[in-house]
Amino acid sequence: MLYVGGLVPAVADLAVMPREAAGILLAATAPHLVFLSLGLQGGAALSDWFGRRTTPWKGPPAPPRRLG
């Protein structure tokens with residue numbers, strides 16, 4: 001995501017966009033891409049955290065034994 005955000009000015013220059021339009025495009029996309037990348041990293045970290053917290057399922061518990 002950050003790589004794509006870094007390519008926006010280069011693509012705007014290659015498309016021969018006016019400076020004002022390129023500035024609006026950069027201002028509109030850069031914060032969204034940064035927050036999207038932070039969200040993806042946070043989601044991956046949460047998934048890893050929850051994956052390490054759970055223990056493997058060992059089946060249902062044994063029924064209680066009757067005495068006598």
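Refer to the structure presented above.
A quick note: this is a predicted structure, and the numbers were derived from the prediction, not measured. (Residues numbered from 1 in each chain as written. Predicted model: local features only at pLDDT ≥ 70, side-chain atom pairs only at ≥ 80, totals over all residues. Heavy atoms only, no water.)

**Student:** Describe in detail a nonpolar patch on the surface, supporting the description with residues and values.
**Tutor:** On the surface, a cluster of nonpolar side chains totalling about 330 Å² of accessible area is made up of Y3, L7 and V11. Looking at the secondary structure, you find L7 in helix α1 (residues 2-14). A relative accessible area of 36% places L7 in the partly exposed class. (Patch = residues over 30% accessible without salt bridge, like charges linked within 9 Å, V, L, I, M, F, W, Y side chains within 5 Å. Areas by Shrake-Rupley, 256 points an atom, 1.4 Å probe, with all protein chains shown as cover. Salt bridge = Lys/Arg side-chain N within 4 Å of Asp/Glu carboxyl O. Helix = DSSP H or I, 4+ residues; strand = E, 2+ residues; numbered from the N terminus. Buried < 20%, exposed > 50% of the residue type's maximum accessible area, 1.4 Å probe, protein only.)

**Student:** Tell me about the packing of aromatic side chains, and please be specific about residues and values.
**Tutor:** The final tally for this structure, using the stated rule, is 1 aromatic pair. Each ring, one from W49 and one from F50, has its centre 4.8 Å from the other, and the planes form 65 degrees; the classification is edge-to-face. Classification of W49 as partly exposed rests on a relative accessible area of 39%. Look at F50 and you get partly exposed, because its relative accessible area is 47%. (Phe/Tyr/Trp six-rings, centres within 6.5 Å; stacked < 30°, edge-to-face > 60°.)

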